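A look at the structure
The lines below spell out each chain.
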Amino acid sequence: METTKKERMLTGNKAMAEAIAQEMEKNPEVFVLGEDVGKYGGIFGSTEGLLGKFGPDRVMDTPISETAFIGAAIGAAAEGMRPIAELMFVDFHGVCMDQIYNHMAKIPYMSGGNVKLPMVLTTAVGGGYNDAAQHSQTLYSSFAHLPGMKVVAPTTPYDIKGMMTSAIRDDNPVVFMFHKSLQGLGWMDLIEASVGHVPEESYTVPLGKAKVMREGKDVTIVGIQMMTVYALEAANKLAKEGIDAEVIDLRSLVPLDRETIIHSVQKTHNLLVVDEDYRSYGMTAEVSAVVAEEALYDLEHPIKRLAIPDVPIPYSRPMENYVIPNADAIYKQVKAMISE
Amino acid sequence: MEIPKEKLIWMYETMVKSRYFEEQMEQAYMEGKAPAFNIGAGPVPGEMHLSNGQEPAAVGICAHLTDDDTVTSPHRPHHHAIAKGVDLKKMTAEIFGKVTGLGKGKGGHMHLFDPSVKFSCGGIVGAGIPHAVGAVLTAKKRGTDDVAVAFIGEGAANSGAFHESLNLAALWNLPLIVVVEDNKYGISVTKESSTAVESNDLRAPAYGIAGEKVKDNDPMAMYEASKRAVERTRAGEGPAIIEIETYRYLGHFQGDPELYRPEGEADSLREKDPIIRLKNYMLEQNLYTEEELTEREETVKNEVDQAFEFARNSADPAPEDALQDVFAE
Ligand SMILES: Cc1ncc(C[n+]2csc(CCOP(=O)(O)OP(=O)(O)O)c2C)c(N)n1
Ligand SMILES: [Mg+2]
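Within an unreviewed UniProt entry, the label attached to chain B reads Pyruvate dehydrogenase E1 component alpha subunit, and the organism entered is Melghiribacillus thermohalophilus. The Cofactor (unreviewed entry) comment attached to chain B in UniProt states, word for word, "thiamine diphosphate".

The name an unreviewed UniProt entry assigns to chain A is Pyruvate dehydrogenase E1 component beta subunit, from the organism Melghiribacillus thermohalophilus. Recorded in UniProt for chain A, the comment headed Cofactor (unreviewed entry) runs: "thiamine diphosphate".

Here is the structure:
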C-alpha cells in the first residue's frame, strides 16, 4: 500500500533561518551580524531562533553602523571566515554602499583573484504596504549593475533555503535579497506564495539558474519575487481565456540565466518583462536587450515591459498601487500585446 | 533658573497636545488591522513610530526656537513637529495619505516637510544631522543668527553621519545643537549593547564642543540645558550635544511584539510621566488651578480632534498624481 508522507511546510523566513542554522552547525566559521538579528530574530524574521541556538558570539547584534559592520564582514571574509551580514532594508545601502561596491565587489578582482570574500549580504526588499520612498524599494538593478557580486532574489521557500545554502558555501560575495512579502510574517499581508514545502535536510539550489514556474506556448512572462507571483496569478486568468503563458522566475540577477529566457521566447515568440524596480536602465531593459540580441527574429510582437515608472515609491495607497505592477496590470498588458 | 510662567504653560500644552495626538494616532493606526494585524491595512498603513513619553526633549528645546530656526527629525517625528509648530491639519492629512497633506500624500509619517517653520524629517537613521548643518551653514553665509537643532535617537549616535556632521559643525563653528533622545533602545538593541560610552554627551570633547546630560526625562531640566546651549550657539560659540534620558512607552513601531523588553518596564516608566510631573509642579507653585489646566487641555485636544477630522474628510490623491513632483516645474 502506498502512503503519501505529509510535506513539511515552512514560511520564507523560516526556510532562510534554517539554511543559516544548518550551515552554522557544519561550519564554525559561519557567523551572523547585523541590526536586530539577535533577540528580535531579524526585523523580517531572517535570523529567527539563531541566537538561542548559537549564542551572541555567533549571532551578533550591531550598532546602527552599517559601514563599520559590513566593512568588518569584508575584513573577516578576507581572513577566510564566512560572515552573513544583514542590511535591514536594501534602501539603507546608501549609508554603506562604498563598502559594498568599491570593496566587497572589487577586492577579489583587484587582487587578481588572490583575495576571496566568501560572504553573504542579506537584505530585505520590496513595497506594497505603504512604507513610502525610503523603505519600499527593491533596487535589484542598482546592485546587479555593479560587477563583482552575485545578486540573487529567490521567490519560494524551497528556493530561499536552497539558495541561501549555496550563497553561504559560495566563495564569492553574494547579495541575498529576500522579499518582505515572501517571508510569511504574521504582521504583513499573508500571501499563499510565502508558505511552501521545504525539506528538513540540507540541500542546495544553484545560483544563476532561472526556473520555469509555469510552462506555456503563447507568451513568456519574466519576473522575479513578487512579480513572479503576480505573473502566475495573471497566467491563470489568461488560461481561462485561452492564452497560455509561460512564467519564468529569474531567481538570480547575477549571474543571469540567458539561456532559459531565450529558449522560452523561441518557443512562445512573445515577451513581457515585469519588475518591482525602476523602469529605466533596469532588469526589464537588460532582459529585453538579451532577447533583442539573441532572439529578435523569433518575436511576433514588440517586447513589452512593466516596472515602476521612474518615480520614488509614493506613500499613499492609491498612488503606490498605481506605480507597482500587479497581476491585473500583467493580465491587461498580455491581452493588449497579443491582440496588437 | 526661574522658568517663565508662559514657557511652562507652553511646554505643558504642547506635551499634552503631542501625547493626545499620538494616542489618537495609535487608535487610527489600528483601524482595519484587527483581528489579524496587517501593516498595510487601514486608513494609516505602513510603519508607525510614536513618541509617547518622549515629549520633554521636543518641548524643552523648541521653547527657545523661532520659526526661522531649523529642526530636523528622524523616523519618530511627531513630537518634534508639533513642538516646532508644523501645521497640524496638513501633518495629520499627510499621515492619512491625503492630497491635502504636507506632501500631498507622497511622504507619510516618516517624511514630513514644512518649510514654513523649517521642519523636516526622514526615515534613514542619522540622515537629518547634515541637513541641519547645511541650514546653519546658510545662516552663517547670510549673516543671520538662526540656529539648527537635529533630533536623533541614541542609536543614531553610532552612525557615521553623526560624527562627520559634528566635526564639520565644530570645524566651521556653526550654530548646531544635536539633541540625543536616549530611550534606551534602537529597536531591540539596548544602548549598552550598541554604544561604547555611557552617555553621548561624553562624545562632545572629541569635537571640542559643549555637552550636557539631562536626566530622568525632566522637561524643566531640558528647558534649562537647552537655554544654555541655544544662547551659546546663537552667540557664535559653537555647537553642542544634549543627551536626554527619555522614555519609550510603546514598541519601536506599532505592532512590535517587544519580546526583547523586560515585562512591566513601560508601566514603571509611565509612573514617572513627565506631563503629570510638570502639571503637579505648576499646581504646587500655584501658577494655575486644576480647572485652568483642564480648560487648556481641552483646547489643545480639540485642536487635535479637528486635525484628525480634517484628515479623514480630505480626498485621496488620484493614482496618477504619483507621476507628479519628481522634478521642479
Ligand atoms: C541607516 C539606517 N539603518 C537602519 C535603519 C533601521 N532603523 C530604523 S529606526 C532604528 C532604530 C533607531 O534607534 P534610535 O536612533 O535610538 O531611535 P528610536 O527609534 O529609539 O527613537 C533602526 C535601526 C534605518 N532607518 N536607517
Ligand atoms: Mg532609541
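A few words now on the overall build of chain B. Scanning chain B from N- to C-terminus turns up 10 helices and nine strands. Compactness check: chain B gives a C-alpha radius of gyration of 19 Å against a globular reference of 20 Å for 329 residues, within 12% of the reference. Dimensions along the principal axes, computed over C-alpha positions, put chain B at roughly 55 × 50 × 40 Å. Per-residue burial over chain B gives 58% buried out of 329 residues. A separation of at least 24 residues holds for 74% of the contacts in chain B among residues at least 6 apart in sequence. Accessible surface, chain B: about 13300 Å² in total, of which carbon and sulfur atoms supply 50%. Side-chain charges of chain B comprise 34 positive and 54 negative groups, with the mean position of each set lying 4 Å from the other.

Our next topic: the UniProt feature "domain: Transketolase-like pyrimidine-binding" (unreviewed entry) in chain A. Mapped onto this structure's residue numbering, the UniProt feature "domain: Transketolase-like pyrimidine-binding" (unreviewed entry) falls at residues 10–185 of chain A. Taken as a whole, residues 10–185 of chain A contains 36% helix and 19% strand, while its terminal C-alpha atoms sit 11 Å from one another.

We now examine the site of ligand 1. Lining the immediate surroundings of ligand 1 are 20 residues, of which Glu66 of chain A together with His75, Arg76, Asn183 and Tyr185 of chain B lie closest. Nearby residues place ligand 1 at the junction of chains A and B. At 2.8 Å, a backbone N or O of Tyr185 of chain B approaches an oxygen atom of ligand 1. In this structure, an oxygen atom belonging to ligand 1 sits 3.4 Å away from a side-chain N or O atom of His252 of chain B.

Residues and elements named next belong to chain A. When the domains of chain A are assigned, the result is domain 1 (9–197) and domain 2 (211–339). Each of domain 1 and domain 2 has a C-alpha centre, and the two are 26 Å apart. Counting residues at the interface gives 32 residues for domain 1, matched by 28 residues for domain 2. Taken together, both faces of the contact between domain 1 and domain 2 bury some 2200 Å²; the carbon and sulfur share is 54%.

A separate point is the sheet that holds strand β14 (residues 304–308) of chain A. All names here are of chain A. Strand order in this open sheet of five strands is β9-β11-β10-β13-β14, and the pairing throughout is mixed. Each of the sheet's edge strands pairs with one partner strand only, and the pair in question is β9 (211–214) and β14. Ignoring strand direction, the axes of neighbouring strands in this sheet form an average angle of 25°. Sheet topology places β9 next to strand β11 (residues 245–249); three bridges connect them, and they run antiparallel. Each bridged residue has a counterpart across the sheet, and for Val212 the counterpart in β11 is Ile248. Strands in contact with helix α9 (residues 258–268) are β9, β10 (219–223), β11 and β13 (271–278); relative to β11, the strand with the most contacts, it is inclined by about 175°.

A few words on the packing of α9 of chain A against helix α10 (residues 283–295) of chain A. All names here are of chain A. The N-to-C vectors of α9 and α10 enclose an angle of 60°; their axes lie 10 Å apart at closest approach. For the pair α9 and α10, the crossing hand works out as right-handed. Taken together, the residues of α10 that come into contact with α9 (itself represented by Arg258, Ile261, Ile262, Val265 and Gln266) are Glu286, Val287, Val290, Val291, Glu294 and Ala295. For the contact of α9 with α10, a count of residues per class yields seven nonpolar, one polar and three charged.

Moving on, we get to helix α4 (residues 88–95) of chain B. Residue and element names in this part refer to chain B. Counting buried positions along α4 yields six of eight residues, so the element is predominantly enclosed. Taken as a whole, α4 has its buried residues at Leu88, Met91, Thr92, Ala93, Glu94 and Ile95. Among the structural elements, α1 (5–30), α3 (78–84) and α10 (290–313) are those in contact with the buried residues of α4. The backbone nitrogen of Lys89 has a side-chain oxygen 3.1 Å away, supplied by the residue at the start of α4, namely Asp87.

UniProt records the feature "domain: Dehydrogenase E1 component" (unreviewed entry) at residues 46–319 of chain B, using the numbering of this structure. For residues 46–319 of chain B, the end-to-end C-alpha separation is 18 Å, with 39% helix and 14% strand making up the annotated structure.

This next bit is on helix α12 (residues 327–338) of chain A. Residue and element names in this part refer to chain A. Taking 1.5 Å as the rise per residue, α12 with 12 residues should run 16 Å; its terminal C-alpha atoms sit 17 Å apart, in good agreement. The complete set of buried residues in α12 reads Ala327, Ile330, Tyr331, Gln333, Val334 and Met337. The arc enclosing the buried residues of α12, seen along the axis, measures out at 165°, which places them on a common side. Against the buried residues of α12 lie β10, α8 (226–240), β13 and β14. Regarding α12, its N-cap is Asn326, as a side-chain oxygen of that residue lies 3.2 Å from the backbone nitrogen of Asp328 further along.

Right, let's talk about unusual backbone geometry for a bit. Geometrically, the link from Val254 of chain A to Pro255 of chain A is a cis peptide bond, its omega value of -5° lying close to zero. Inspection of the secondary structure assignment puts Pro255 of chain A in the loop between β12 (252–254) and α9. One non-glycine residue with positive phi stands out, namely Asn173 of chain B, at about 50°. Backbone geometry places Lys184 of chain B, a non-glycine residue, at a positive phi of 80°. Note on placement: Lys184 of chain B falls in the loop between β5 (176–182) and β6 (185–186).

So, on to the interface of chain B and chain A. The interface is formed by 47 residues belonging to chain B together with 36 residues belonging to chain A. Roughly 3100 Å² of surface becomes buried between chain B and chain A when both sides are summed, with 64% attributable to carbon and sulfur atoms. Summed over the shared surface of chain B and chain A, the result is zero salt bridges. Its residues placed into classes, the side of chain B that touches chain A shows 22 nonpolar, 17 polar and eight charged.

The next point concerns the pattern of salt bridges. Residue and element names in this part refer to chain B. Under the criterion given, the structure shown has 37 salt bridges over all chains. Its salt-bridge partner being Arg312, residue Glu31 comes within 2.7 Å of it at the nearest N-O pair. One end of the pair, Glu31, is in the loop between α1 and α2 (55–62); the other, Arg312, is in helix α10, and 281 residues separate them in sequence. On the accessibility criterion, Glu31 (32% relative accessible area) is partly exposed. The class of Arg312 is partly exposed, set by a relative accessible area of 38%. What emerges from the salt-bridge pattern is a single network uniting Lys184, Arg248, Asp256, Glu258, Arg261 and Glu265.

Criteria and cut-off values
- Residues numbered from 1 in each chain as written.
- Chains lettered and ligands numbered in written order.
- Predicted model: local features only at pLDDT ≥ 70, side-chain atom pairs only at ≥ 80, totals over all residues.
- Heavy atoms only, no water.
- UniProt positions renumbered as here; feature names shortened; annotations may be inferred.
- Helix = DSSP H or I, 4+ residues; strand = E, 2+ residues; numbered from the N terminus.
- Rg over C-alpha atoms; globule rule 2.2 N^0.38 Å.
- Buried < 20%, exposed > 50% of the residue type's maximum accessible area, 1.4 Å probe, protein only.
- Contact = heavy atoms within 4.5 Å.
- Areas by Shrake-Rupley, 256 points an atom, 1.4 Å probe, with all protein chains shown as cover.
- Lys, Arg positive; Asp, Glu negative; His and termini not counted.
- Charge placed at Lys NZ, Arg CZ, Asp CG, Glu CD.
- Near = heavy atom within 4 Å.
- Polar contact = N/O pair within 3.5 Å; in protein donor to acceptor, adjacent residues only side chain to side chain.
- Domains from an automatic or database assignment.
- Buried area = accessible area lost by both parts, 1.4 Å probe.
- Pairing = 2+ DSSP bridges.
- Axes fitted to C-alpha atoms, helices over the stretch in contact; angles between N-to-C directions.
- Left-handed = near helix turned anticlockwise from the far one by under 90°.
- Nonpolar A, V, L, I, M, F, W, Y, C, P; charged D, E, K, R; others polar.
- Expected span 1.5 Å × (residues − 1).
- Arc of directions from axis to C-beta.
- Salt bridge = Lys/Arg side-chain N within 4 Å of Asp/Glu carboxyl O.

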